[in-house]
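# An overview of the molecular structure
Below, each chain spelled out in residue letters.
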Amino acid sequence: MDLDDRFNAILEMATMYRTLRTQAMSLLKVESNNGTAVVGSADKENEALIKAEFASLDNMIGQSLEISDDLRKDAYHAMIRCVECIVEYFQRDQKIETVDLDGKPQVIELKATPKK
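A brief structural summary. (Residues numbered from 1 in each chain as written. Predicted model: local features only at pLDDT ≥ 70, side-chain atom pairs only at ≥ 80, totals over all residues. Heavy atoms only, no water.)

Looking only at helices and strands, one finds two helices and four strands in the chain. In sequence order, the secondary structure elements of the chain are arranged as α-β-β-α-β-β. Relative to its 116 residues, the chain shows a buried fraction of 16%. Contacts in the chain between residues at least 24 apart in sequence constitute 46% of all its contacts with a sequence separation of at least 6. Carbon and sulfur atoms make up 54% of the accessible area of the chain, which amounts to about 9,000 Å² in all. (Helix = DSSP H or I, 4+ residues; strand = E, 2+ residues; numbered from the N terminus. Buried < 20%, exposed > 50% of the residue type's maximum accessible area, 1.4 Å probe, protein only. Contact = heavy atoms within 4.5 Å. Areas by Shrake-Rupley, 256 points an atom, 1.4 Å probe, with all protein chains shown as cover.)

Here it is as structure tokens:
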């Protein structure tokens with residue numbers, strides 16, 4: 001599996017997102033409301049550009065969530081496979097405590113099959 005490559009892609013997307021968001025925010029006029037709230041408004045001539053920029057950012061977030069969810073599932077299955085390989089190679093039972101794909105606590109007990 002290419003877990004490392006996909007994880008690194010997520011990190012790169014986060015870095016790109018931060019850069020693009022900073023650029024998009026620079027198109028807004030930002031006003032502070034007594035130091036507690038920040039309000040951004042757009043010039044009429046930049047309104048369409050700003051909407052397009054933020055729509056692109058929203059799309060990037062959606063893609064990141066999909067990639068992250070697939071990566072989480074694949075990493076879970078890779079972890080289970082690694083433990084199975086340990087059980088098989090060392091011929092010893094193994095118990096791991098983890099969370100399942102729904103985030104619920106889980107105990108997995110793998111039993112070694114004696115070699116004949």
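And the narrative resumes.
Summed over all chains, the structure comprises one aromatic pair. For the ring pair Tyr89 and Phe90, a centre distance of 4.9 Å and an interplane angle of 85° mean the geometry is edge-to-face. The two residues Tyr89 and Phe90 agree in class, both being exposed. (Phe/Tyr/Trp six-rings, centres within 6.5 Å; stacked < 30°, edge-to-face > 60°.)

In this structure, Gln91 takes a positive phi of about 50° despite not being glycine. With respect to the secondary-structure elements, Gln91 resides in the loop between helix 2 (47-90) and strand 3 (94-99). Relative accessible area serves as the criterion here: at 31%, Gln91 is assigned to the partly exposed category.

Glancing now at a nonpolar patch on the surface. On the surface, a cluster of nonpolar side chains totalling about 370 Å² of accessible area is made up of Ile86, Tyr89 and Phe90. On the secondary structure map, Phe90 appears in helix 2. Under the relative-accessibility criterion, Phe90 is labelled exposed at 54%. (Patch = residues over 30% accessible without salt bridge, like charges linked within 9 Å, V, L, I, M, F, W, Y side chains within 5 Å. Salt bridge = Lys/Arg side-chain N within 4 Å of Asp/Glu carboxyl O.)

Function cannot be read off these values alone, since they describe shape.
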